[in-house]
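Residues per chain, in single letters:
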Amino acid sequence: MDYMKTNAPTNTQTRDIMELCKETGNIYESVVILAKRSNQIGQDIKAELTNKLKEFATRTDNLEEIFENREQIEISRFYEKLPKPTLIATQEFLDGKVYFRNPARDKENLF
């Protein structure tokens, strides 16, 4: 998914708990789903940022040759301005874009 074009807010908002538990019927289950999705998003963003910054890595480790790279600074600033992974995960969950299942509930339905 393209996290750069998300419509998630960039600042924290107060959420209605009942709105979060509509999908699952249990607020704790919803929080676990949000936490797992948030971790996935965070890992994806971190891997993408690391790959982009590898292009600017210097091959020599000389402390005397420290210089600023304007492109590297701009990339870092762009990723800092993105919404936090928890806000992206919450917005995806409320929009119905998160697939989840409960194996324990599925097992009960079989019998």
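Just above, that's the structure.
These lines cover the structure that appears in this document, whether it is placed above or below. (Residues numbered from 1 in each chain as written. Predicted model: local features only at pLDDT ≥ 70, side-chain atom pairs only at ≥ 80, totals over all residues. Heavy atoms only, no water.)

**Let's talk about the packing of helix H2 (residues 27-54) against helix H4 (residues 85-95)**
H4 packs onto H2 with a crossing angle of 125° between their chain directions and a minimal axis gap of 8 Å. In terms of orientation, H2 lies oblique with respect to H4. Where H2 crosses over H4, the handedness of that crossing is right-handed. Two secondary-structure elements touch here, H2 through Ser30, Ile33, Leu34, Arg37, Ser38, Ile41, Gly42 and Ile45 and H4 through Pro85, Thr86, Ile88, Ala89, Thr90, Glu92 and Phe93. (Axes fitted to C-alpha atoms, helices over the stretch in contact; angles between N-to-C directions. Helix = DSSP H or I, 4+ residues; strand = E, 2+ residues; numbered from the N terminus. Parallel < 35°, antiparallel > 145°, perpendicular 65-115°, else oblique. Left-handed = near helix turned anticlockwise from the far one by under 90°. Contact = heavy atoms within 4.5 Å.)

**Description of H4**
What H4 keeps buried is the set Leu87, Ile88, Ala89, Thr90, Gln91, Glu92 and Phe93. Tucked inside the fold, the buried residues of H4 contact helix H1 (17-20) and H2. Looking one or two residues beyond H4, the residue adopting positive phi is Gly96, at roughly 80°. (Buried < 20%, exposed > 50% of the residue type's maximum accessible area, 1.4 Å probe, protein only.)

**Looking at the layout of surface pockets**
In this structure, the largest pocket spans a volume of roughly 280 Å³. Lining the largest pocket are Glu29, Val32, Ile33, Lys36, Arg37, Gln40, Val98, Tyr99, Phe100, Arg101, Asn102 and Pro103. For the lining of the largest pocket, the leading source of residues is H2, giving six residues. (1 Å grid on protein atoms, 1.4 Å probe; cavity = no way out; pocket = protein on both sides within 12 Å on 5 of 7 lines; lining within 4 Å. Points joined across faces, edges and corners; volume = space filled by probe spheres on them.)

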